[in-house]
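Coordinate inspection notes
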Amino acid sequence: MPFVRAPHPPTGPGPLLVLVGPPGAGKSTVASALGVRCGLAVRDTDSDVERRAGKPISAIFVDDGEPAFRALERAAVADALAEHDGVLALGGGAVLDATTQELLAGYRDAGGTVVFLDVSLAHAAPRVGFNQSRPLLLGNPRAQWQALMDARRPVYEAVASMRVSTDGLRPAAVAELIHDQLTVAPEQRASSPTNRRPGE
Ligand SMILES: Nc1ncnc2c1ncn2[C@@H]1O[C@H](COP(=O)(O)OP(=O)(O)OP(=O)(O)O)[C@@H](O)[C@H]1O
Ligand SMILES: O=C(O)C1=C[C@@H](O)[C@@H](O)[C@H](O)C1
Ligand SMILES: [Mg+2]
């Protein structure tokens, strides 16, 4: 079934859907699953940053530092929000940036959908694997992940228009949930548990 498209942001085509959440929430994987399921183009700001920098994110952190990475990420998110019209997965920490928060608020005000993929430590841990590719989780990865999530949860909730708990769900099931949510009539959507604004 095709998506019922939300109104476009007035300044450009804009993504159909933006995915946010912590490392291991499944943003990249679910974006791909949604792309396949719905025949939509998929873009991932982590990949955009790596392509532009010509090296992996872990190397950007080591060579240039986190502030340099965040600046590249801010630019990548702004470009993707303006140019991309499919599914957009953001890096886990992209929403911490004030400019990105403003852009996402404008995107949502214009009818865009921001989905917070929620996950608990118990389910994120086996997914993330805590290898070298996630520089913010070096040291004690479980403690780092939980501290990061505790600090960021209010931000993920503030920027999102929909929260989906992914614990115990395969990526295809998460994609199906989101798809179903966006293809039901708006009046039905209002009472659905997945479409309450976080905290409601
Ligand atoms: N719902 C899920 N159930 C089981 N495994 C999953 C699920 N979602 C993603 N995974 C697996 O977890 C790993 C991390 O997923 P993914 O890279 O999509 O996370 P992410 O949210 O994009 O993280 P990051 O913020 O680091 O980019 C991948 O190996 C993926 O296959
Ligand atoms: O949560 C984060 O801050 C990050 C998540 C990844 O997607 C990458 O953007 C990078 O490793 C930082
Ligand atoms: Mg990702």
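What you are looking at is a predicted structure, and each value in this text was computed from that prediction instead of being measured.

Quick notes on the overall build of the protein
From N to C terminus, the protein includes nine helices and five strands. By residue count, 46% of the 200 residues in the protein fall in the buried class. Counting contacts in the protein only where the partners sit at least 6 residues apart, residues at least 24 apart contribute 74% of the total.

Focus on the site of ligand 1
Taken together, the neighbourhood of ligand 1 is formed by 15 residues, with K27, S28, T29, R134 and L169 sitting nearest. Between ligand 1 and the protein, one listed contact pairs an oxygen atom with a side-chain N or O atom of T29 at 2.5 Å. The fraction of the free accessible surface of ligand 1 (640 Å²) that becomes covered by protein chains is 77%. A per-element tally of the shell around ligand 1 places helix α1 (residues 27–38) first, with three residues.

Points about the site of ligand 2
Close to ligand 2 lie P23, D46, I57, F69, R70, E73, G91, G92, G93, P135, L136 and R152. In this structure, R152 approaches ligand 2 through a side-chain N or O atom, which is 2.7 Å from an oxygen atom. Calculation on ligand 2 without its partners gives an accessible area of 310 Å², and the protein chains cover 93% of this total. Per-element accounting of the shell around ligand 2 gives the leading share, three residues, to helix α4 (residues 66–83).

Re the packing of aromatic side chains
On inspection of all chains with the given rule, the structure shows two aromatic pairs. Ring centres 5.2 Å apart and planes at 20° place the aromatic pair F116 and Y156 in the stacked group. A residue pair is termed long-range when its members are at least 10 positions apart, and F116 in strand β4 (residues 114–118) and Y156 in helix α7 (residues 141–159) qualify at 40 residues. Taken as a pair, F116 and Y156 share a single burial class, namely buried.

Points about the UniProt feature "binding site: substrate" (unreviewed entry) in the protein
Cross-referencing UniProt, the feature "binding site: substrate" (unreviewed entry) maps to D46, R70, G92 and R152 in the present numbering. Note on placement: G92 falls in the loop between β3 (87–89) and α5 (98–109). G92 has contacts with G21, K27, R152 and Y156, leaving out every residue within four places of it along the chain. Note that R152 resides in helix α7. By relative accessible area, R152 is classed as buried at 5%.

Quick notes on the side chain of T166
With respect to the element layout, T166 can be found in the loop between β5 (162–165) and α8 (171–183). Among the polar contacts listed, one links the side chain of T166 to the backbone oxygen of D118, at a separation of 2.8 Å. Those residues in contact with T166, other than ones at most four positions away along the chain, are A25, L117, D118, V119, R127 and V174.

Analysis parameters
Residue numbers restart at each chain and count upward from 1, following the sequence in its written direction. Chain A is the first chain written and ligand 1 is the first ligand written, with later ones labelled in order. Restriction of local features to residues with pLDDT of at least 70 applies here, the model being predicted, together with a cutoff of 80 or more for giving and counting side-chain atom pairs; totals for whole chains, interfaces and linings are based on all residues. As a convention, hydrogens and water are excluded, and side-chain values are obtained from all of the structure's heavy atoms. Per the convention used, a helix needs a DSSP run of H or I reaching at least four residues, while a strand needs a run of E reaching at least two, with both numbered from the N terminus. Under the scheme applied here, a residue whose accessible area is under 20% of the maximum for its type counts as buried, over 50% as exposed, and between as partly exposed, the area being computed with a 1.4 Å probe on protein chains only. Every residue pair with non-hydrogen atoms within 4.5 Å of one another is taken to be in contact. Nearness is judged by heavy atoms alone; a residue qualifies as near a molecule or strand once a single heavy atom is within 4 Å of it. Polar contact criterion, stated in full: a pair of N or O atoms within 3.5 Å, where within protein one must be able to donate a hydrogen and the other to accept it, and residues adjacent in sequence count only if both atoms are side-chain atoms. Per-residue and other accessible areas were derived by the Shrake-Rupley procedure at a 1.4 Å probe size, with only the shown protein chains allowed to occlude residues. For this analysis, a ring pair means two rings from Phe, Tyr or Trp (six-membered ring only for Trp) whose centres lie within 6.5 Å, classed as stacked if their planes differ by under 30 degrees, edge-to-face if by over 60, and tilted for the remaining angles. UniProt positions are given in the numbering used here, feature names are shortened, and annotations may be inferred rather than shown by experiment.

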